[in-house]
Amino acid sequence: MRLITHYVFSFASLLPFIWIPLILKSMGAQTYTEASILIGNTAQLRTVFVGLCIWFSLCVNFVLDRAGHNRLMLRGGWDIPVRAWRTHSVYTAPIWGGFIGILTALVSLLTQTNFHLLQTSGLPEILEEKLPLELTLVLLGVYTSYTHLLLDSLTGNGVYTYRHRRVALAHFKYNNASLNVSVILLSLLVAYYILVHTLF
C-alpha cells in the first residue's frame, strides 16, 4: 500500500484507545492505570495522546517502509522494490515498532518529561495496577507495526510468516488507486468521528 495510506490508517487505528478510560469507568472500574490517565483524564492529556498517535503512525510506518525493501534487478534494467523479511514479518515488524517505542520513552526521559502528567492531573500519585508509560509506548509501537502489516497483507506480495513464506489476505496491487483511496477515506471518517466526540 502507499505510504500515505499507512500513515492515515495507523493513526485512525490508534485513536480508539482514547476511549479505554471511558469504557473502564462504564464497567465500574475503580482503579486507573497510569497509561489510562494519560489517555483520558482531561482534554489536554487526550491531546497529548493524539500527538503520540501521530508520532507512532508516521515514525513506525516510515521506518518499516524505508528499511523494509530490497532492490530486485530484472532483465531490461528494471529495478523494483521487494518487501524484506527483516521488517515485513509478523515476528520482526513488532520488534521495530517496540524499538521505536523504547526510543520514544528514552527521549522523554532525557528531556525530563517522561510523560509524568500525574503530578498535574490532580489525581493521587499512588495508583493501583499501574501500567508504566514506558511499556505503553512500546505497546503502541508494536500495535502500529501490525496495522502496517495488515494493509500490506491485502496486496499480492503479502507479508512473511516464516522466513520464506508469505501470506496474503487479498491480491490487490500495492498502488491500486481505488483501494488506497477507500482506506484513506474510511480512516479519515473514523478519525474525525473519534476526535469530534473526544476532544470537543
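So, a few notes on the structure that sits alongside this text. (Residues numbered from 1 in each chain as written. Predicted model: local features only at pLDDT ≥ 70, side-chain atom pairs only at ≥ 80, totals over all residues. Heavy atoms only, no water.)

## Focus on the side chain of Thr147
Phase 1 of the analysis: On the secondary structure map, Thr147 appears in helix H6 (residues 133-152).
Phase 2 of the analysis: Look at Thr147 and you get buried, because its relative accessible area is 6%.
Phase 3 of the analysis: Beyond its immediate sequence surroundings of up to four residues, Thr147 is in contact with Phe9, Ser10 and Ser13. (Helix = DSSP H or I, 4+ residues; strand = E, 2+ residues; numbered from the N terminus. Buried < 20%, exposed > 50% of the residue type's maximum accessible area, 1.4 Å probe, protein only. Contact = heavy atoms within 4.5 Å.)

## Here we look at the pattern of salt bridges
Side-chain pairs of opposite charge can arise where the charged atoms are in close proximity.
Phase 1 of the analysis: Per the counting criterion, the structure on display carries two salt bridges.
Phase 2 of the analysis: In this structure, the salt-bridge partner of Arg66 is Asp65, at a minimum N-O distance of 2.8 Å.
Phase 3 of the analysis: Linking Arg83 and Asp152 is a salt bridge whose minimum nitrogen-to-oxygen distance equals 3.4 Å. Here the residue Arg83 occupies a position in strand E2 (residues 79-83), and Asp152 occupies one in helix H6, the gap between them amounting to 69 residues. Judged on exposure class, the residue Arg83 and its partner Asp152 are both buried. (Salt bridge = Lys/Arg side-chain N within 4 Å of Asp/Glu carboxyl O.)

## Looking at the packing of aromatic side chains
Phase 1 of the analysis: Taken as a whole and assessed by the stated rule, the structure comprises one aromatic pair.
Phase 2 of the analysis: Relative to Tyr143, the ring of Phe17 has its centre 5.0 Å away and its plane inclined at 85°; by these criteria the two rings are edge-to-face. Taken as a pair, Phe17 in the loop between helix H1 (3-14) and helix H2 (20-26) and Tyr143 in helix H6 lie far apart in primary sequence, 126 residues in all. (Phe/Tyr/Trp six-rings, centres within 6.5 Å; stacked < 30°, edge-to-face > 60°.)

## Focus on the packing of H1 against H6
Phase 1 of the analysis: The interhelical angle for the contact between H1 and H6, taken along N-to-C directions, is 130°, at an axis separation of 9 Å. In terms of orientation, H1 and H6 fall into the oblique class. Crossing geometry of H1 relative to H6 is assigned as right-handed. Along the contact surface, H1 presents Thr5, His6, Phe9, Ser10, Ser13 and Leu14, while H6 presents Leu140, Tyr143, Thr144, Thr147, His148, Leu150, Leu151 and Asp152.
Phase 2 of the analysis: Residues of the contact of H1 with H6, tallied by class, amount to six nonpolar, seven polar and one charged. (Axes fitted to C-alpha atoms, helices over the stretch in contact; angles between N-to-C directions. Parallel < 35°, antiparallel > 145°, perpendicular 65-115°, else oblique. Left-handed = near helix turned anticlockwise from the far one by under 90°. Nonpolar A, V, L, I, M, F, W, Y, C, P; charged D, E, K, R; others polar.)

## Comments concerning the packing of helix H5 (residues 93-110) against H6
Phase 1 of the analysis: Between H5 and H6, whose axes approach to 7 Å, the crossing angle comes to 145°. The element H5 and its partner H6 pack so that their crossing is right-handed. Facing H5, whose interface residues are Ala93, Pro94, Gly97, Gly98, Gly101, Ile102, Thr104, Ala105 and Leu109, H6 presents Glu134, Leu137, Val138, Gly141, Val142, Ser145, Tyr146 and Leu149.
Phase 2 of the analysis: Residues of the contact of H5 with H6, tallied by class, amount to ten nonpolar, six polar and one charged.

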